[in-house]
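Coordinate analysis (summary)
Spelled out from the first residue to the last, the chains are:
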Amino acid sequence: MAVLLRCCLTKISMASDSTAVSTEIALGRTKLQLYSFCRSSCSWRVRIALNLKGLKYEYKAVDIYKGEQFSPEFSKLNPLGFVPVLVDDDVVISDSFAIILYLEEKYPEHPLLPRDLQKRAINFQVANIVCSSIQPYQNIGVLSYIEEKVNYDEQFSWVRHHIGKGFTALEKLLKGFAGRYATGDEVFLADLFLAPQIHAAVQRFNLDLSEFPLLCRLSKAYDELPAFCAAMPEMQPDAVKL
């Protein structure tokens, strides 16, 4: 409840703060649109990036439980049928990692990559572990397939195994680099990938974080950040549909 209250206050605060908004957005020269589903961790990490950079955007809800990602209209944006998709004028990008790197290049406010090359490489490693070695195994399509071919309970054993394997690697990788956040005392790319994944592990798949003290500490730190709180699923326009 405390986190939810903080998130509500955060949303009000961020809505009233126009100082961080990109000049291009403020002058109306571009219109960002984000096709997103509130509980999608891939969409979530992009929402954090947009918030950190102070970029206003139009939220375009895609209900993946209803299969809206496979509609003819959405397929024109992403033939794979995955969220998120970012539309920036005539530019369409349909991968969360690509979207975040695009935003980093075009909108340099609040850099998401450290100058230090080693720390930058660690950020890329963390992002890749999450998006290639953890998140795909909890994708709704994969879980539905396991439920159909094996049984309902097996999907959770499957997910917890792969999350645990990934979290063990992340704990070891970040041990010598973590400060208040993943790679020091500033928020960078790694944190955007970690926050939604840790939340999903605990809230959706009941993973015990006691084996991962570093990740547990980071998760608590993320709960204090306005840009992270405002990006949480319950704060999105389509949250009421759950």
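Residues numbered from 1 in each chain as written. Predicted model: local features only at pLDDT ≥ 70, side-chain atom pairs only at ≥ 80, totals over all residues. Heavy atoms only, no water.

Look at helix 3 (residues 41-52) against helix 5 (residues 96-106): their axes get within 9 Å of each other, and the N-to-C directions meet at 10°. One element, helix 3, and the other, helix 5, form an angle in the roughly parallel class. Along the contact surface, helix 3 presents Cys42, Arg45, Val46, Ala49 and Leu50, while helix 5 presents Ser96, Ile99, Ile100 and Leu103. Partitioning the contact of helix 3 with helix 5 into residue classes produces 7 nonpolar, 1 polar and 1 charged. (Axes fitted to C-alpha atoms, helices over the stretch in contact; angles between N-to-C directions. Helix = DSSP H or I, 4+ residues; strand = E, 2+ residues; numbered from the N terminus. Parallel < 35°, antiparallel > 145°, perpendicular 65-115°, else oblique. Contact = heavy atoms within 4.5 Å. Nonpolar A, V, L, I, M, F, W, Y, C, P; charged D, E, K, R; others polar.)

It is worth spelling out the packing of aromatic side chains at this point. For the structure shown, the criterion picks out 9 aromatic pairs. Aromatic pair Phe167 and Phe212: ring centres 5.5 Å apart, planes at 85°, arrangement edge-to-face. Note that Phe167 is positioned in helix 8 (residues 152-174) and Phe212 in the loop between helix 9 (189-203) and helix 10 (213-222), a separation of 45 residues in sequence. Among the residues examined, Phe212 registers a relative accessible area of 5% and is labelled buried. (Phe/Tyr/Trp six-rings, centres within 6.5 Å; stacked < 30°, edge-to-face > 60°. Buried < 20%, exposed > 50% of the residue type's maximum accessible area, 1.4 Å probe, protein only.)

Detailed reading of predicted coordinates is not advised where the pLDDT is low. Mean pLDDT over the protein chain stands at 89; residues scoring 70 or higher make up 86%. Contacts for the low-pLDDT stretch residues 15-29, under 50 throughout, to residues beyond four places or in other chains number 18 contacts. (pLDDT = per-residue confidence, 0-100.)

Counting residues in hydrophobic clusters, the biggest one holds 59 residues, and the most contacted among them are Leu103, Phe167, Leu170, Leu192, Leu194, Tyr222 and Phe228. Put simply, the parts of the chain that give this core at least two residues each are strand 1 (32-36), helix 3, helix 5, helix 6 (117-133), helix 8, helix 9, helix 10 and helix 11 (226-229). Other than its neighbours up to four places away in sequence, Phe167 contacts Ile134, Gln197, Ile198, Ala201, Leu207, Leu209, Phe212 and Leu215. Counting residues in each nonpolar core, the second largest holds 10 residues, with Cys38, Tyr59, Ile64 and Val87 among its members. (Core = buried A, V, L, I, M, F, W, Y, C linked by side-chain atoms within 4.5 Å.)

This part takes up the pairing of strand 1. In terms of burial, strand 1 is largely enclosed, as 5 of its 5 residues are buried. Covered by surrounding structure in strand 1 are Leu32, Leu34 and Ser36 together with Gln33 and Tyr35, the residues of both alternating faces. Of the strand pairs in this sheet, strand 1 and strand 2 (residues 58-61) are connected by 4 bridges, and their pairing is parallel. Note that in strand 2 the partner of Tyr35 across the bridge is Lys60. One crossover worth recording links strand 1 to the parallel strand 2 by way of helix 3, and it is right-handed. (Pairing = 2+ DSSP bridges. Right-handed = clockwise from strand over helix to strand, strands pointing away.)

Turning next to the sheet that holds strand 2. Taken in spatial order, the 4 strands line up as 2-1-3-4 in an open sheet, and their pairing is mixed. Whereas interior strands pair on both sides, the edge strands pair on one side only; in this sheet they are strand 2 and strand 4 (91-93). This sheet shows a mean twist of 15° between the axes of neighbouring strands, independent of strand direction. Both strand 3 (residues 85-88) and strand 4 contribute to a ladder of 3 bridges, which runs antiparallel.

A few words now on the environment of Arg47. Take Arg47: it is sitting in helix 3. On the basis of relative accessibility, which here comes to 0%, the residue Arg47 falls in the buried class. Linking Arg47 and Ala230, residues 183 residues apart in sequence, is a C-alpha distance of 8.4 Å. Aside from chain neighbours lying at most four places away, what touches Arg47 is Leu34, Ser36, Phe37, Cys38, Tyr57, Tyr59, Ala231, Met232, Pro233 and Gln236. Of the polar contacts made by the side chain of Arg47, one reaches the side chain of Ser36; its length is 2.9 Å. (Polar contact = N/O pair within 3.5 Å; in protein donor to acceptor, adjacent residues only side chain to side chain.)

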